[in-house]
Structures are given as structure tokens and as C-alpha cells.
Amino acid sequence: MSNKPEGTGIDSVLNESRRFAPSDDFAGRAHMGSLDEYHKLHARSIEDPGSFWAEIAGHLDWFTPWDKVLEWEAPDARWFVGGTTNLCHNCVDRQVNASMGEQTAIIWEGEPMDGGEPEIRRLSYADLQRETAKFANVLKSLGVKKGDVVTIYMGMVPELAIAMLACARIGAPHSIIFGGFSASAIADRVKDADSRVIITCDGSWRRGNVVPLKDNVDAACRQVDTIEHVVVYQRVANPVEWHHEPSESHNNKRDHWWHDLMLAASADCPCEPMDSEDLLFVLYTSGTTGKPKGIMHTTGGYMVYTYYTSRIAFDMHANLNQVYWCTADIGWITGHSYIIYGILPNCVPTLMYEGAPNHPGPDRFWDIVERHEVTQFYTAPTAIRAFMKWGDEHPKAHDLTSLRVLGTVGEPINPEAWMWYHQVIGQERCPIVDTWWQTETGGHMITPLPGATPTKPGSCTLPFFGVDVAIVNEKGEELPNNTGGLLAIRRPWPSMLRGILGDRDRFIETYWSDIRTESGEIYYKAGDGARRDDDGYFWIMGRIDDVINVSGHRLGTMEVESALVAHDTVVEAAVVGMHHEIKGTGIAAFCTLAPGVKPDADLRDTLRSHVANEIGAIAKPDMIRFTDALPKTRSGKIMRRLLKDIAEGRESTGDTTTLEDLSVLAKIRESDE
Ligand code: WT7
């Protein structure tokens, strides 16, 4: 990504110097109100992480205090060692105990707008406590015990929040799978986590259509035989198949309606005391091989870090009538950390919206902001680019004056989109927090603090407290300012991943092998390229590995390639990212076909839907080209750089001397799309 906004030469000089300082009014009321204060506290958090994090952890409830804040033996961190707590307690019961039971915890809005009015549900902390305790008892009645992984595959309904909090309540780690993933993706994850229970919905609403979640679970259950129980929350009342009978592998009936089980459940279920380092959840993310990685997050450090980053980066105040809305799906880390776990302990209502941003019309989000008087709004650059394209008239038709802080996450935001967000949505009044982080980091790592950090469009600015980021080479040597390099993290932070489920070697290889100093220290490799400017601000340049970022979510090129070659007609495939106006990065696939297969438009459609079936719609190639051969080095490595040039319609300028057969490139260029 270019760091300069597009435009004339003069413009870009001017643009480059744009800075947006928080207003005095905002700064005056913020938790962190000056850059000086930030620098001082950041220095303290690095010099003495023990006392810094102990103080923050003390904001929350612990059942037994920790003996030691941190034990670190790279790459293994243990935070709040010996302490016990429960994250569901800190999200829910703590508020009830503090006489806030009647206050709103979750505001939910459904997608359908029949008759012009959406369905709205408000759950107080007391409601959430009752429902969560009941569902926790349901899980226990199905034989779920502390340590058992529960798979959740649901739409954005409050019951999704209830299900995950119920898991946390009894110490059963959840594995939430985004509702856009396919049956095979569910089966792979269920198998990897050895999960015996799936919680799902009959379906969910998306742009007026029903997503058949239960059908997908049924199909997944035909691919794995470990599933003993499927609990189904009825949301859309579409017809679903029902498995009443014991199966070959299990002697109980498999499918249960959520509402039937809840009828009999008691609302009394104390929170299980969890060791700070007990597994809280597994969340799968893409890597460079075909197999997704089950990223493990544990209890205490994750709780403290997501609570505190939410509080400071979104400037959350329990007593200022705030309403916070993150538009992500709970199936991604953004939803885990910044719809539920980090937000509820801050006692600010979290808004959940069920459906699409353009249903029934392109102003749906602004309609929601106005209706609920949203104060903090957190979304992705891909969504912002879509809003820009749909036209300013949609946000302008709504009263957005409630907004105070805007956030973005998922990929670098181009300065044009940043400026549009600032002017049209924030009305030049709201600080923008461009938060850089990852599934693995659990919480924000580099982000402006809205009352303290002057922002520059396109930069995620400065590291959060306790975070030590550097731009380095593979020897861990810091590179000069304004030089692109590897983004590394040099010290442990509380919400860091604790590993990849069942794959210690991959954990070490992926994150802890490539950056090693002469003295033998190892740094966390984020897999992003970045630079730092003379003010110490970070600018993310994108992924350095074979991972592409589509609409703010990572996909391994290998995963898409494996899906393509799994189809009978394809013998070899290469997948690269290419520029895409809305998604940021689109997917280009180059396929070599089996002898006799006709390369036509029908086959393209077939392959697109095949990939959607194998992985999910998010992985559908935007462009498929058929070719007799792929450009390879003499050692047989596919030269993706050249394919990217072709996908983006550029001549290849780089070195092609290692290319085995130069005529291959010309042939691919001639092949039509
Ligand atoms: C990758 C992590 C963290 C939740 C969403 C994605 C990219 C994320 C930013 C940002 C530039 C960003 C990075 C990162 N990314 N946020 N503010 N600016 N790039 O989570 O799927 O784990 O992907 O997303 O490349 O490594 P994820």
C-alpha cells in the first residue's frame, strides 16, 4: 500500500503532513488525555510490566490472587500465575453483584425490517446471568465438563453470546466458527479440536435470505463421527432435518432444541474458578499451509488485556450513557475480544446486529447508529470503502451526532477511506482509532488512544501499553526509520497466544523461529511488513507470507489452492491476491486443467461454488484463469509475483531469469478471463 494519498504531486505533499489532534474537549474527558501522559505510562509499562499489569488486573474480580504477574521463558508466557478467576463472572455476575443487574448489557437488532421496524432485544446483566447460568446447566446435562471443547456455529443472535459465556462459566473452551464457513470447514475444526458438542441455529438472516446453518452442521456430521450432541436455537423457523435416533457411533439422540433444554434448566450455576492459564477458547485462523491453526487463548491475561484495551482505545465510561457497536461477527477474533469479552467488563452496552449492512437499504448501519445513539463505532476498511461507493446521501440522511469515537481494524486503511470516515461519518469531530492486531495477539497492539494520540490517515500510530514493537531484520536488528522490515514484538503481553492446539512445532516455526538476535533472543514474528516514521508511528504494509487479507480476514493461498485441486477438473492451481476496489484484496486463481476438460465460463462458476463449499463464500476467487502451465523456477517453485502482475494487468518488471519456461507467461497473458 502506498502511504501517500493519491492525487497530484502537490496534494500528496500536503496530504502527507495531515495530522488530526484530539479536540481539547475530547481530551479533557478521556481516560488518557495527552500524548505526554501516554509516553510516560508506556515507558512505565515497559520498564515495570509487573506493577503496571497488577494495577490493571486489580480493576477486575479474582477468586484467588496471583502469586506472580509474569513468568516468561520464550516463547511461553504465564500471566497472573497462581491466580484464579472467571471471565463470565467479570462480564456478567460482577455487574449484578454491584447492583447494576438492571442495566443493559446487550442491545440486539435483528435484520428483518418487516413493517419498517426491526426486532430489538435488550438483555440486562441480570438477564444475561440467568440465561447464561441456565445454558451452562444445559451444557453440563449433555456431559460437557471443564476442558471439553464446545463448537459454536451460530448467527449473530444474543444466544451466541449466551452460549460462549456459558462455556466460560463452566470452563469449557469454545471453538466458534464463523457462520459463513462451509460444512467441510466445520468438520475440519471439529476433528482438530476433538469436539463432541455443536451449538447452532436453524438458520440466520443475511440480506433477506436464510443461511442454512443447521444443514451445514448436518453435512459436517456426515464427515466426522465425534459429534454426540447438536443444540439448535430456533431463529428463522425454516424446515430442518432432525436426528432423533441414536446414531451408529453414539447411543443418545443427537439433535436438541435450545428452547426444550432451557425449559428444564436451573438458573443456578456458580462460575467455575479457573486458573489464570486455563484455556478460554480456541479460534481457528489461516496460515500458509492448507490446515487452519487453532489459536489458543487463556483466561487471566486475555481478560485483563481485552478489558483494558477496550477501556482505553475506545474511551469507555460506564457512567456516560455510551453505546458501543462493533460491526464484526463474533466468529472472528474482533467479535470475541471487542463485542463480548473486553466490552462487558467495562459496563457499557454492546450492540449486536444480526445482518447485512445494506438490508433493506444501504443506510442500514446509519439507521442503527441513529436509533440506538451509538457512541463508539468499530468497523473494517472494506466496509468503509463499500459505504463510500454507495454514496454520501445514506449517512447524511441520518443523525450521527451521538458518535464520539470511530475505529477500524482488519487491514491497512487507505488514506482516502480514512478521510471519508473522518469527514462523512465522524463529521470531523470523532477521533479515529486504527487498531492493528491479530487473532494471535488477542487484543489491540498498535493503536491511537483517542484523547491522546494525534492521528495520521493510514497509520495505526503507536504501541499500546506494555507492547514493545520494532521493525527489524531476521537478526532482530532494528532498521532505520522509514525502512520497511519485519514487524516484531520483543516482549510478552498478557493476551498473547499460548500456542496452536495440538501443534507445538508449528507454533514455534510460525511465530518464534525467524527472528533471532545474535545473543539468541527470539522475537514474535507477526508476519506483517511495516515501517516506522520519524515520529515513531507505525505504517503497516501488509502480509509477508503466503497469506492474503480479503475483506479484513486472513486466508492462506494454500487453502484456496487445496480446495481447487480437490476438484476433479483441476490438476494444479496457484492463488494470489490482487487489488480489489472494495475488498482491498481479491483472489486470483490460475488453474491447470485435467486433459480433455473444457475451460469455459461454466467451469469457472463450478469452481467458484466448489471453493465456497469447501471453505466458505469468503474464499471464492474473483478471477479464474485457465492455463496449460504455471510459471515456475527451475526448482519447481511457483513464481507468484509474476502471477500477481498478470492478475493486476501489469507487465512484469522484476527478475525472470529463474523462470523455467519464459513462454508460459506470454501464454497466460493471452488466456482470457
Ligand atoms: C492481520 C490479522 C485483528 C482482527 C482482524 C483481523 C491485518 C489487522 C490491521 C490494521 C493494517 C491490519 C494484518 C494482521 N490487520 N488490523 N489496523 N492495519 N493491517 O485478524 O484475521 O488475525 O488478521 O490483519 O495483516 O496481521 P486476523
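Shown above is the structure to which this text applies.
Residues numbered from 1 in each chain as written. Predicted model: local features only at pLDDT ≥ 70, side-chain atom pairs only at ≥ 80, totals over all residues. Heavy atoms only, no water.

### Considerations on the overall build of the protein
A count of helices and strands for the protein gives 21 helices and 30 strands. A globule of 673 residues ought to have a C-alpha radius of gyration of about 26 Å, and the protein, at 25 Å, matches this closely. Expressed along its principal axes, the backbone C-alpha trace of the protein runs to roughly 75 × 65 × 60 Å. A sequence separation of at least 24 residues applies to 71% of the contacts in the protein between residues at least 6 apart. For the protein, the exposed surface amounts to about 25,500 Å²; the carbon and sulfur share of it is 48%. (Helix = DSSP H or I, 4+ residues; strand = E, 2+ residues; numbered from the N terminus. Rg over C-alpha atoms; globule rule 2.2 N^0.38 Å. Contact = heavy atoms within 4.5 Å. Areas by Shrake-Rupley, 256 points an atom, 1.4 Å probe, with all protein chains shown as cover.)

### Comments concerning the packing of helix 5 (residues 87-97) against helix 6 (residues 125-141)
Relative orientation of the contacting elements helix 5 and helix 6 amounts to 125°, with a least axis distance of 8 Å. What the angle tells us is that helix 5 and helix 6 run oblique. Helix 5 and helix 6 meet at a crossing whose hand is left-handed. Each of Cys88, Cys91, Val92, Asp93, Gln95 and Val96 in helix 5 lies in contact with helix 6, whose residues at this interface are Tyr125, Ala126, Leu128, Gln129 and Thr132. Its residues assigned to classes, the contact of helix 5 with helix 6 shows 7 nonpolar, 3 polar and 1 charged. (Axes fitted to C-alpha atoms, helices over the stretch in contact; angles between N-to-C directions. Parallel < 35°, antiparallel > 145°, perpendicular 65-115°, else oblique. Left-handed = near helix turned anticlockwise from the far one by under 90°. Nonpolar A, V, L, I, M, F, W, Y, C, P; charged D, E, K, R; others polar.)

### Quick word on the sheet that holds strand 18 (residues 376-379)
One open sheet accounts for 7 strands, arranged 5-4-17-16-18-19-20; its pairing is mixed. Either end of the sheet is taken by a strand with one partner, and the two such strands are strand 5 (120-124) and strand 20 (432-434). Neighbouring strand axes in the sheet, compared pairwise and without regard to direction, differ in orientation by 20° on average. Here strand 19 (residues 405-408) pairs with strand 20 via 3 bridges, running parallel. Residue pairing for strand 20: Leu406 is matched across the bridge by Ile432. Helix 12 (residues 333-341) rests against strand 16 (324-326), strand 17 (350-353) and strand 18 of the sheet, and its axis sits at about 175° to strand 16. (Pairing = 2+ DSSP bridges.)

### Let's talk about the site of the ligand
With respect to spatial proximity, 18 residues lie near the ligand, and among them Asp434, Thr435, Thr439, Arg543 and Arg554 are the closest. At a separation of 2.6 Å, an oxygen atom of the ligand approaches a polar side-chain atom of Thr439. Within the side chain of Asn549, one N or O atom sits 3.3 Å away from an oxygen atom of the ligand. Its free accessible area being 550 Å², the ligand has 97% of it covered by the protein chains. Counting only elements with at least two residues in the shell around the ligand, the list comes to helix 12 and strand 25 (538-543). Classifying every residue of the shell around the ligand by side-chain character gives 6 nonpolar, 7 polar and 5 charged. (Near = heavy atom within 4 Å. Polar contact = N/O pair within 3.5 Å; in protein donor to acceptor, adjacent residues only side chain to side chain.)

### Some words on helix 12
Of all 9 residues in helix 12, 9 are buried; the element is thus mostly enclosed. Of the positions making up helix 12, those classed as buried are Ile333, Thr334, Gly335, His336, Ser337, Tyr338, Ile339, Ile340 and Tyr341. (Buried < 20%, exposed > 50% of the residue type's maximum accessible area, 1.4 Å probe, protein only.)

### Overview of the packing of aromatic side chains
For the structure shown, the criterion picks out 45 aromatic pairs. On the basis of an interplanar angle of 85° and a centroid distance of 5.1 Å, the ring pair of Phe281 and Tyr302 is categorised as edge-to-face. Within this pair, whereas Phe281 is found in strand 14 (residues 279-285), its partner Tyr302 is found in helix 11 (residues 300-313), the two being separated by 21 residues in sequence. For Phe281, a relative accessible area of 0% puts it in the buried group. Arranged with centres 4.8 Å apart and planes meeting at 65°, the rings of Phe314 and Tyr378 form a pair that is edge-to-face. Residue Phe314 is found in the loop between helix 11 and strand 16, and its partner Tyr378 is found in strand 18; the two are separated by 64 residues along the sequence. A single burial state applies to Phe314 and to Tyr378, both of which are buried. Above the ring of Trp108, the side-chain terminus of Arg121 is found at 5.8 Å from the ring centroid. Sitting over the ring of Phe181, Arg189 keeps its end group 4.7 Å from the ring centre. (Phe/Tyr/Trp six-rings, centres within 6.5 Å; stacked < 30°, edge-to-face > 60°. Lys NZ or Arg CZ within 6 Å of the ring centre and 35° of its normal.)

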